[in-house]
Amino acid sequence: MLPLKMLTYFLIIVSAHSILGSEIMRPRGVAISKSSLYNPGIDFTCFDGTVTIPYKYVNDDYCDCPDGTDEPGTAACPNGIFHCTNAGHQSLNIPSSRVNDGICDCCDATDEYLTGNCSDFCNKLGEEARREAQKRAELIKMGSELRQELIQQGKLHKQKKQERIITLQRDQNEAESVKAEKELLKSEAESAENVALQSYREIEEAEKARKTEEEKKAHEEEAMASFKLIDSNQDGKIVPGELQSRNIFDTNKDGAVSEDEVKFFFGTAEELNWDQFFADAYPRMKPFIMMEKGLFTPPTKDQEGQQNEQGDQEAEEATEDLPEEDWEEEEKPEEEEEEPESTKDEKENIPEDEAKPKYDPETQNIIDVADKARNEFEQADRALRDIERELKHIEESLAKDFGPEDEFAALDGECFEYNEREYTYKLCPFDQVSQKQRSGGAETRLGVWNDWVGGEDKYSAMMYDKGQSCWNGPQRSTRVEISCGLENAVTSATEPNRCEYVFHFVTPSACRPEETSDVNPHDEL
């Protein structure tokens, strides 16, 4: 057994010596993975294969290779790459031009080996990075558990919606049948109603024609009375002198009816017979004749001006003259314009034959049947439209992409708000994004759901577009960046460009289990 132990120790020592030797012979600025390409026992060939140089020219502060691979540890080549080992933290590649420039780019200080301005603090950074990685791993682990619950909720919601569609489709078929039946009954009832009401319509039309004829006759009689009144000599015609003898036609109130005023009424005629008077002159004379009878009083010019300038003052003075108990009634003219209760009572007391057409019992029964058929058809039509609306909404919801495992389905129908100093922002996943001033006012739509727009990870970002247009600008749009979190919340909302918004949203739905595979950052050693 002893020789075996000694052999094991020997192999360990040889291996360690081999590793240390490899590390010692590795040129400065070269990664361990590429150290075999720098063999001090043979000439060095540039990585692009264009030049072969003696190995001693490597890192001699002179650029021999066009690709800069012969000077990884100096700033001689502008396109060279210096590798920071950064033991205890993450390795890093920097441009060789940063070597010995006085700035600490590598946490192990290897890039400033001549200036000596830097110290190795990789272990400290590595500890911090590992703590953050551990927190991240714990967050993803807890979030993944919540994500599984959301997946189950999403699948359950999807199943319920699919079951609801089956129910709605059955209800839709029944509702269509009911609507067709009610439409047929309505058509039959309305046909019977039209036949029953035809005689009443003829009576109503005859009554309307009679009233029209009576009004026309009364108007003609009024005109004839005025014609005879103005035709003082009763010769069947009116001449200018007869018109000038009546001061009511003195339109400008200067005490006499002038020739211009006569022409206003006569037009181009020199005298008026009955037909000319009735057709042309009487419509212009009627207001003045009515004024003479006291049936019409036009406002004066002074009164017209006072109505615009002193209307409020006159109303206040009129109110002051009223008894106190009448103020309320006077101060509410709009309420006076409404139909008073007494008037309503009078209407209710109007005999039925004056308030509405009086039908015989048989006709009234036909009308009632038609009204009932119309109401039942409207109810059936409304019920069918409600079913179709709900069915369309559910089908649109099921057509949305809620993730490969429906992990985002539970967010559909939910809304999340984020308050900042001036605005309240609201995100309703798979629906819309909006903002509202905290001081009040209407919401401004910042976009409606479009699609997933993440890069390599499709489900890392949402796009909401076709929002309300900015003043003299484009339509608003919002990009929602999504990351893992233990709760659903909007964590920030900004407007980096005019009318273009960016939200950050955390949710357990974004905590994918595969992210837990890389718990610790890569350590070169």
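This one's a predicted model, so the numbers in the text were calculated from it and none came from an experiment.

Visitor: In this structure, what is going on with the overall build of the protein? I would like to understand it.
Guide: The secondary structure content of the protein amounts to 12 helices and 14 strands. Long-range pairs, those at least 24 residues apart, make up 44% of the contacts in the protein between residues at least 6 apart in sequence. A total accessible area of about 34100 Å² is found for the protein, and carbon and sulfur atoms account for 50% of it.

Visitor: Help me out: how do you make sense of the state of the cysteines in this one?
Guide: In protein structure, a disulfide is the covalent linkage between the sulfur atoms of two cysteines. With the rule as written, the count across this model stands at eight disulfides. The disulfide bridge from Cys470 ends at Cys499, spanning 1.9 Å between sulfur atoms. With Cys470 in the loop between strand E11 (461–465) and strand E12 (477–484) and Cys499 in the loop between strand E13 (489–497) and strand E14 (500–507), this pair connects stretches of sequence that are 29 residues apart.

Visitor: How do you make sense of the UniProt feature "coiled-coil region" (unreviewed entry) in the protein when you look at a structure like this?
Guide: When the UniProt feature table is mapped to this numbering, "coiled-coil region" (unreviewed entry) covers residues 370–397. Along residues 370–397 the backbone is 100% helical and 0% strand, and the end-to-end C-alpha distance reaches 41 Å.

Visitor: So what exactly am I meant to see when it comes to helix H4 (residues 259–266) here?
Guide: Listed as buried for H4 are Glu261, Val262, Phe265 and Phe266. Taken around the axis of H4, the buried residues stretch over an arc of 130°, which confines them to a single face. Opposite the buried face of H4, at more than 90 degrees from it, the exposed residues are Asp260 and Lys263. Looking one or two residues past H4, Gly267 carries a phi angle of roughly 70°, positive in sign.

Visitor: What should I look at first to understand the packing of aromatic side chains in this one?
Guide: Centre distance and the angle of the planes are the two values used to describe a pair of aromatic rings. Applying the stated criterion to the full structure yields 23 aromatic pairs. Judged by centre distance (4.9 Å) and plane angle (75°), the ring pair of Phe264 and Phe265 falls under edge-to-face. For Phe264, a relative accessible area of 43% corresponds to the partly exposed category. The buried category is assigned to Phe265, whose relative accessible area is 0%. Site record: aromatic cluster; members linked through ring pairs are Phe402, Phe408, Phe430, Trp449, Trp452, Tyr459 and Tyr464. Sitting over the face of the ring of Tyr113, Arg28 holds its NZ or CZ atom 3.9 Å from the ring centroid. One residue, Lys186, lies across the ring of Phe377, its end atom 5.1 Å from the ring centre.

Visitor: How should the packing of helix H2 (residues 122–230) against helix H5 (residues 274–292) be read in this particular structure?
Guide: It is at 10 Å that the axes of H2 and H5 come closest, and there the two elements cross at 90°. Taken together, the axis directions place H2 and H5 in an arrangement best described as roughly perpendicular. Together, His219, Glu220, Glu222, Ala223, Met224, Ser226, Phe227 and Ile230 of H2 and Trp274, Phe277, Phe278, Tyr282, Met285, Lys286 and Ile289 of H5 make up the contact between the two elements. Across the contact of H2 with H5, the residue classes tally to 10 nonpolar, two polar and three charged.

Visitor: Any chance you could explain the pairing of E14 here in plain terms?
Guide: Each regular strand shows side chains that alternate between the opposite faces of the sheet. Of all eight residues in E14, six are buried; the element is thus mostly enclosed. Across eight bridges, E12 lies against E14 in parallel orientation. Pairing of Cys484 across the sheet is with Thr507, part of E14. Taken together, the six bridges between E13 and E14 define a ladder with antiparallel strand orientation. By the bridge assignment, Asn497 is partnered in E14 with Glu500.

Visitor: Hey, could you run me through the nonpolar core in this one?
Guide: Nonpolar side chains in soluble globular proteins generally cluster together in the buried interior. The biggest cluster of nonpolar side chains holds 23 residues, and the ones touching the most others in it are Leu427, Phe430, Trp452, Met462, Val480 and Phe503. Elements supplying a minimum of two residues to this core: strand E8 (423–428), strand E10 (444–452), E11, E12, E13 and E14. With sequence-adjacent residues up to four places away left out, Val480 is seen in contact with Leu427, Ser460, Ala461, Met462, Tyr464, Phe503 and Phe505. Within the second largest apolar cluster, 19 residues are counted, among which are Ala223, Ile238, Phe266 and Trp274.

Visitor: Looking at this structure, how should I read the pairing of E8?
Guide: Pairing between strand E7 (residues 416–419) and E8: four bridges, direction antiparallel. In the strand pairing of E8, Tyr418 is matched with Tyr425. Once E7 ends, the chain turns through three residues before running back antiparallel as E8. As paired elements, E8 and strand E9 (residues 432–437) share six bridges and run antiparallel to each other. Within the sheet, the bridge partner assigned to Tyr425 lies in E9 and is Gln435. Where E8 hands over to E9, the hairpin turn is made up of three residues, of which Phe430 adopts a positive phi near 70°.

Visitor: Honestly, the sheet that holds E14 in this entry has me stumped. Any pointers?
Guide: Pairing between the strands of a sheet is mediated by backbone hydrogen bonds and can be parallel or antiparallel. Here eight strands make up an open sheet; going across it, the order is E7-E8-E9-E10-E11-E12-E14-E13 and the pairing mixed. Strands with a single pairing partner mark the edges of an open sheet, and in this sheet they are E7 and E13. Between one strand axis and the next, the sheet turns through 25° on average, direction left out of account.

Visitor: Help me understand H2, please; the structure alone is not making it clear to me.
Guide: Because an α-helix completes one turn every 3.6 residues, residues spaced three or four positions apart along the sequence face the same direction. Between the first and last C-alpha of H2 there are merely 120 Å, a value that for 109 residues lags more than 12% behind the 162 Å anticipated at 1.5 Å per step. A bend of about 40° at Gln198 is the largest found in H2.

Visitor: When you look at unusual backbone geometry in this model, what are you seeing that I'm missing?
Guide: Note on backbone geometry: most residues besides glycine have negative phi, and most peptide bonds are trans. Backbone geometry at Asn59 places phi at a positive 60°, although glycine is not the residue there. The residue Asn100 is not glycine, and still its phi comes out positive at about 55°. Within the secondary structure layout, Asn100 lies in the loop between strand E4 (92–95) and H2.

Visitor: Teacher, can you tell me more about a negative patch on the surface here?
Guide: Judged by side-chain charge, Glu213, Glu220, Glu221 and Glu222 come together as a negatively charged surface patch. With respect to the secondary-structure elements, Glu222 resides in helix H2. Taking relative accessible area as the criterion, Glu222 reaches 41% and is therefore assigned partly exposed.

Visitor: Help me understand the environment of Pro429 in this model?
Guide: Mapped onto the fold, Pro429 is located in the loop between E8 and E9. Assessed through its relative accessible area of 1%, Pro429 is described here as buried. Residues contacting Pro429, with those up to four places away along its chain left out, are Leu411, Asp412, Gly413, Glu414, Phe416, Met462 and Tyr464.

Visitor: Would you explain the environment of Lys263 in this entry?
Guide: Locating Lys263 in the fold gives a position in helix H4. Overall, Lys263 belongs to the exposed group, its relative accessible area being 53%. Each C-alpha atom of the pair Lys263 and Pro240 lies 8.8 Å from the other, and the pair is 23 residues apart in sequence.

Scoring rules and cut-offs
- Residues numbered from 1 in each chain as written.
- Predicted model: local features only at pLDDT ≥ 70, side-chain atom pairs only at ≥ 80, totals over all residues.
- Heavy atoms only, no water.
- Helix = DSSP H or I, 4+ residues; strand = E, 2+ residues; numbered from the N terminus.
- Contact = heavy atoms within 4.5 Å.
- Areas by Shrake-Rupley, 256 points an atom, 1.4 Å probe, with all protein chains shown as cover.
- Disulfide = S-S within 2.5 Å.
- UniProt positions renumbered as here; feature names shortened; annotations may be inferred.
- Buried < 20%, exposed > 50% of the residue type's maximum accessible area, 1.4 Å probe, protein only.
- Arc of directions from axis to C-beta.
- Phe/Tyr/Trp six-rings, centres within 6.5 Å; stacked < 30°, edge-to-face > 60°.
- Lys NZ or Arg CZ within 6 Å of the ring centre and 35° of its normal.
- Axes fitted to C-alpha atoms, helices over the stretch in contact; angles between N-to-C directions.
- Parallel < 35°, antiparallel > 145°, perpendicular 65-115°, else oblique.
- Nonpolar A, V, L, I, M, F, W, Y, C, P; charged D, E, K, R; others polar.
- Pairing = 2+ DSSP bridges.
- Core = buried A, V, L, I, M, F, W, Y, C linked by side-chain atoms within 4.5 Å.
- Expected span 1.5 Å × (residues − 1).
- Bend = angle between axes of the 7 residues up to and from the residue.
- Patch = residues over 30% accessible without salt bridge, like charges linked within 9 Å, V, L, I, M, F, W, Y side chains within 5 Å.
- Salt bridge = Lys/Arg side-chain N within 4 Å of Asp/Glu carboxyl O.
- Lys, Arg positive; Asp, Glu negative; His and termini not counted.
- Charge placed at Lys NZ, Arg CZ, Asp CG, Glu CD.

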